[in-house]
Every structure is written in structure tokens, then in C-alpha cells.
Amino acid sequence: MVTASPGKHRETRTPVNAVAALQLLIAVAFLSIPVVRSRYGARAQAAVEAELGRQGVRTTVMTENGMRLDAGGHETWAPVGIAVSPAVPAVLGPAGSSWAGTLTWVVQPLVLIVNCVILYSNLTAVPSVTAAFARSGDAELQRIDVRSMLRAAEDGFPDWVMPGLQNLRHVIVFAGSIAVLALLAAR
């Protein structure tokens, strides 16, 4: 009869548990997006509408064009969907499922790529939104001072959200994903 030594079992479980904990932390980081937007999005939307009024633009132009700062639409389903993706292998791993590692190797690089896209979008928001407004053909959208509008949106959220929470989320996702993949590769 062959039995595994207690030390060997602990070595295998520790990386599985560490990977699961990191994946759940990454999931929570993504869930913070709709939670914050749900709580403060209306305030940010009001700040944007006030800025648009100051610019002499219809305050409803954002809503009319499907742009919102609350937790509706893709601002909820996208981060929740992304959060679920690392949470599934995080639950399967400690449960002993052989699928956890395979799913992690697929999911974690995708989470990294998605976060790169989000970071790029954050860094290029002014030129991206300006270009989108120019392509819209809507003369009112094209008149908007996008930098001031986006600053008003940021000011509508508490100071700890941007850049604080936003940067913390990026650190958790990037460092956590790299650590997950490193732990998985070392097993």
C-alpha cells in the first residue's frame, strides 16, 4: 500500500489554494466595476450632463446615443462575465477537478488580454471618444469638449475611485494573473 506523505499533500494543495485565492481576488476586482458604477454612476452622469449644459450641448445627447455611466448594459454584463471566468476554475481547483488547470491556462491569459484592452481604453479615452464622436455624424456630439466631459465624469465618482481603485484593480489583475500562471507552471 502506497500512501502520500502529509508534506507532499500540503505542497500540492498550497499552490491550488493560492491559485484559487488569487483568481477570486481577480474576480472581485472586476466586480468592483459594476458595484461602483451602480453606487455612483448616476452622480457621474449628472456631472456629465451639467458639463454638457455648460458647453451648450443638449444634456440628453449622451443618453440618446446609448452612452451611460451607471451599471447598466455592458458596464455590468462585461465585468461580471469576466469575473466569472477566473472564479470557475478557482472553485474547481480546490474541489479537485482536473479541469481547473486547463481552464486556468485558457482563462488567465484571456483575462490579461482583456485587462490590457481596458487599460489601453482608459489611457486613450479622450482621442478614442473624440474620434467616435467625429465618426457619428452627429454635429452636437462633434462639438463636445471631450476632455472636459470625461473630467466631469471622473469628478462625479469619489476621489478614491479614479485613479486609486482603478489602478489597484489593474495591479491585482496583472500581478495576480502572472502569479497564477507562474504557480501553475511550477506545479
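Up top is the structure these notes are about.
Residues numbered from 1 in each chain as written. Predicted model: local features only at pLDDT ≥ 70, side-chain atom pairs only at ≥ 80, totals over all residues. Heavy atoms only, no water.

## Overview of the pattern of salt bridges
Across all of its chains, the model carries 6 salt bridges by this definition. One salt bridge in this structure joins R58 and E140, with 2.2 Å as the shortest N-O distance. Highlighted residues: R58 in the loop between α1 (6–54) and α2 (61–64) and E140 in helix α6 (residues 139–142), separated in sequence by 82 residues. Overall, the relative accessible area of 15% leaves E140 in the buried class. One salt bridge connects R143 with E140, and the closest N-O pair in it is separated by 3.3 Å. Put simply, R58, E64, E140 and R143 are held in one network by salt bridges that share partners. (Salt bridge = Lys/Arg side-chain N within 4 Å of Asp/Glu carboxyl O. Helix = DSSP H or I, 4+ residues; strand = E, 2+ residues; numbered from the N terminus. Buried < 20%, exposed > 50% of the residue type's maximum accessible area, 1.4 Å probe, protein only.)

## A look at the packing of aromatic side chains
For the coordinates displayed, the defined rule picks out 1 aromatic pair. Measuring from ring centre to ring centre gives 6.0 Å for Y40 and W160, while their planes differ by 80°; the resulting arrangement is edge-to-face. Of this pair, Y40 sits in helix α1 while W160 sits in helix α8 (residues 160–186), and the two are 120 residues apart along the sequence. Judged by its relative accessible area of 16%, Y40 is buried. (Phe/Tyr/Trp six-rings, centres within 6.5 Å; stacked < 30°, edge-to-face > 60°.)

## Structural notes on the packing of helix α3 (residues 74–92) against helix α4 (residues 99–123)
Contact geometry for α3 and α4: axes closest at 9 Å, N-to-C directions at 155°. Considering their axes alone, α3 and α4 lie roughly antiparallel with respect to each other. Note that α3 runs across α4; the crossing there is left-handed. Counting all contacts with α3, which are made through I82, S85, P86, V88, P89 and L92, the residues of α4 involved are W99, A100, L103, T104, V107, Q108, V111 and V114. (Axes fitted to C-alpha atoms, helices over the stretch in contact; angles between N-to-C directions. Parallel < 35°, antiparallel > 145°, perpendicular 65-115°, else oblique. Left-handed = near helix turned anticlockwise from the far one by under 90°. Contact = heavy atoms within 4.5 Å.)

## Description of the side chain of E51
For E51, the position within the fold is in helix α1. Ignoring anything within four residues of it in the chain, the contact list for E51 reads S148, M149 and A152.

## Quick look at the layout of surface pockets
Roughly 1,400 Å³ of volume is contained in the largest pocket. Considering the residues around the largest pocket, the lining is formed by 46 residues, among which R37, E75, S121, N122 and Q166 are closest to the centre. Within the residue set of the lining of the largest pocket, elements represented by two or more residues are α1, α3, α4, α5 (125–136), α7 (146–156) and α8. In the lining of the largest pocket, the residues fall into 27 nonpolar, 12 polar and 7 charged. (1 Å grid on protein atoms, 1.4 Å probe; cavity = no way out; pocket = protein on both sides within 12 Å on 5 of 7 lines; lining within 4 Å. Points joined across faces, edges and corners; volume = space filled by probe spheres on them. Nonpolar A, V, L, I, M, F, W, Y, C, P; charged D, E, K, R; others polar.)

## Some points on the environment of F133
Residue position: F133 is located in helix α5. Overall, the relative accessible area of 4% leaves F133 in the buried class. Not counting chain neighbours up to four residues away, the residues in contact with F133 comprise M62, M67, D138, L141, Q142, I144, V146 and M149.

Purely geometric numbers; function is a separate question.
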